[in-house]
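Notes for the structure review
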Amino acid sequence: MLVTAAALGFVIGLVVGSVGGGGAILALPVLVYVLGEPVGPAATGSLIVVAMAAAVGAGSLARSGQVCWQIALAFAPPAAAGALLGTLSGKAVSAALLVLLFVPVMLAASFATWQRAAARARDDDCGCPQPALARVLVAGLAVGALTGFFGVGGGFIIVPVLTLWFDVGFRRAVATSLVIITLTGVVALAGHLLAGSHIDAGTTAALALPTALGAFLGTRVAGRLPQALLGRAFALIVCAVALFLLADVILLGGPPGG
């Protein structure tokens, strides 16, 4: 089981490092359906896994100057506040209902990312834009609330927001997303722990360490691939997980332990 966790964690890390998100939406199903954890501890554990991987990936990409720091540092505080509020709200909702609410958000993010990837055929890098501060703060608060409410890292929403709303190039959006995920993930994790959530330390560590390694290698691989290809791969991953979760709720009544 631990070998399986390590292999899956490595794959999750590759996804996080290459497309700047998707970690929690992959880690959470792995913890629940493969490793047999209840939903509550799995949601908390997935935040640890993703925050660690995002920190490693962000550190790797920051050296190449890809992070839009002005956006990341303005986005993170309201996102962190939203994550804490969302976490406390999410505790009052059943796991099955959370999934039903989560699926349309994932499908919308998938569609938006696919459209953006199709529209941007070339790997143009126009540098870091300077959007109005109010727009960044509102986006941060909204994304943070969703992050905490659903118990995910938020990269699958952050990347589309950065590329579609702020016109950040995909590679820069990935790097900036990883910085934001690290900060908001830590706050969301604190909210989970304050709300009384528990984790299986052994299982979480078995998944987190190879995920961090995969994230580092993912940042190296992504630099050699076209942005459009990465964007489409990201959209397909999010869509596939959304459909899997929806089918599970409809056919089996939702995740075990929910």
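These notes cover the structure that comes with them. (Residues numbered from 1 in each chain as written. Predicted model: local features only at pLDDT ≥ 70, side-chain atom pairs only at ≥ 80, totals over all residues. Heavy atoms only, no water.)

A word on the packing of aromatic side chains. Taken as a whole, this structure holds 1 aromatic pair when the rule is applied. Across from the ring centre of F216, 5.7 Å away, lies the NZ or CZ of R220, which sits over that ring. (Phe/Tyr/Trp six-rings, centres within 6.5 Å; stacked < 30°, edge-to-face > 60°. Lys NZ or Arg CZ within 6 Å of the ring centre and 35° of its normal.)

Bringing the environment of L207 into the picture now. Position of L207 among the secondary structure elements: in helix α9 (residues 201–222). A relative accessible area of 0% places L207 in the buried class. The residues contacting L207, other than those within four sequence positions of it, are A5, L8, G9, I12, A27, V30, L31 and V49. (Helix = DSSP H or I, 4+ residues; strand = E, 2+ residues; numbered from the N terminus. Buried < 20%, exposed > 50% of the residue type's maximum accessible area, 1.4 Å probe, protein only. Contact = heavy atoms within 4.5 Å.)

We now examine the nonpolar core. Soluble globular proteins tend to bury their nonpolar side chains together. Of all hydrophobic cores here, the largest spans 69 residues; its most connected members are F75, M106, F156, F166 and L178. Among the elements that take part in this core, helix α3 (residues 39–62) stands out by supplying 9 residues, more than any other. When neighbours within four sequence positions are excluded, F75 is seen to be in contact with V136, A139, G140, V143, I158, V161, F166 and I180. (Core = buried A, V, L, I, M, F, W, Y, C linked by side-chain atoms within 4.5 Å.)

Another point: the state of the cysteines. With the rule as written, the count across this model stands at 1 disulfide. Paired through a disulfide, C68 and C128 show a sulfur-sulfur distance of 2.2 Å. As the torsion about the S-S bond is roughly -90°, the C68-C128 disulfide counts as left-handed. Of this pair, C68 sits in the loop between α3 and α4 (69–90) while C128 sits in the loop between α5 (95–119) and α6 (133–150); the two residues are 60 residues apart in sequence, bridging distant segments of the chain. (Disulfide = S-S within 2.5 Å.)

Attention now moves to helix α1 (residues 2–19). For α1, with 18 residues, the first-to-last C-alpha span of 26 Å sits near the 26 Å given by 1.5 Å per residue. Within α1, the full set of buried residues consists of A5, G9, I12, G13, V15, V16, G17, S18 and V19. One or two steps after α1, the chain reaches G20, where phi turns positive at roughly 75°. (Expected span 1.5 Å × (residues − 1).)

So, about a nonpolar patch on the surface. A cluster of nonpolar residues, L97, L100 and L101, forms a patch on the protein surface that exposes about 240 Å² of accessible area. Positionally, L97 belongs in helix α5. (Patch = residues over 30% accessible without salt bridge, like charges linked within 9 Å, V, L, I, M, F, W, Y side chains within 5 Å. Areas by Shrake-Rupley, 256 points an atom, 1.4 Å probe, with all protein chains shown as cover. Salt bridge = Lys/Arg side-chain N within 4 Å of Asp/Glu carboxyl O.)

Moving on, we get to the packing of α1 against α9. At their nearest, the axes of α1 and α9 sit 6 Å apart, and the two run at 35° to each other. Read as a crossing pair, α1 and α9 show a hand that is right-handed. Along its contact with α1, which presents L2, A5, A6, L8, G9, F10, I12, G13, L14, G17 and S18, the element α9 presents A206, L207, P210, T211, L213, G214, A215, L217, G218, T219 and A222. In terms of residue class, the contact of α1 with α9 is built from 14 nonpolar, 8 polar and no charged. (Axes fitted to C-alpha atoms, helices over the stretch in contact; angles between N-to-C directions. Left-handed = near helix turned anticlockwise from the far one by under 90°. Nonpolar A, V, L, I, M, F, W, Y, C, P; charged D, E, K, R; others polar.)

Turning to the side chain of T204, a few remarks are in order. In this fold, T204 is placed in helix α9. T204 has contacts with E37, G45, I48, V49 and I199, leaving out every residue within four places of it along the chain.

Let us look at helix α2 (residues 23–34). With 12 residues, α2 extends 15 Å between its outermost C-alpha atoms, agreeing within 8% with the 16 Å of an ideal straight helix rising 1.5 Å per residue. All of the buried residues in α2 are G23, A24, I25, L26, A27, L28, P29, V30, L31 and V32. Taken from the residues just after α2, G36 is the one with a positive phi, measuring 75°.

As for its position among the elements, R172 is in helix α8 (residues 170–194). Taking the relative accessible area as the measure of exposure, R172 reaches 13% and is therefore buried. A polar side-chain atom of R172 sits 3.1 Å from the main-chain carbonyl oxygen of G65. (Polar contact = N/O pair within 3.5 Å; in protein donor to acceptor, adjacent residues only side chain to side chain.)

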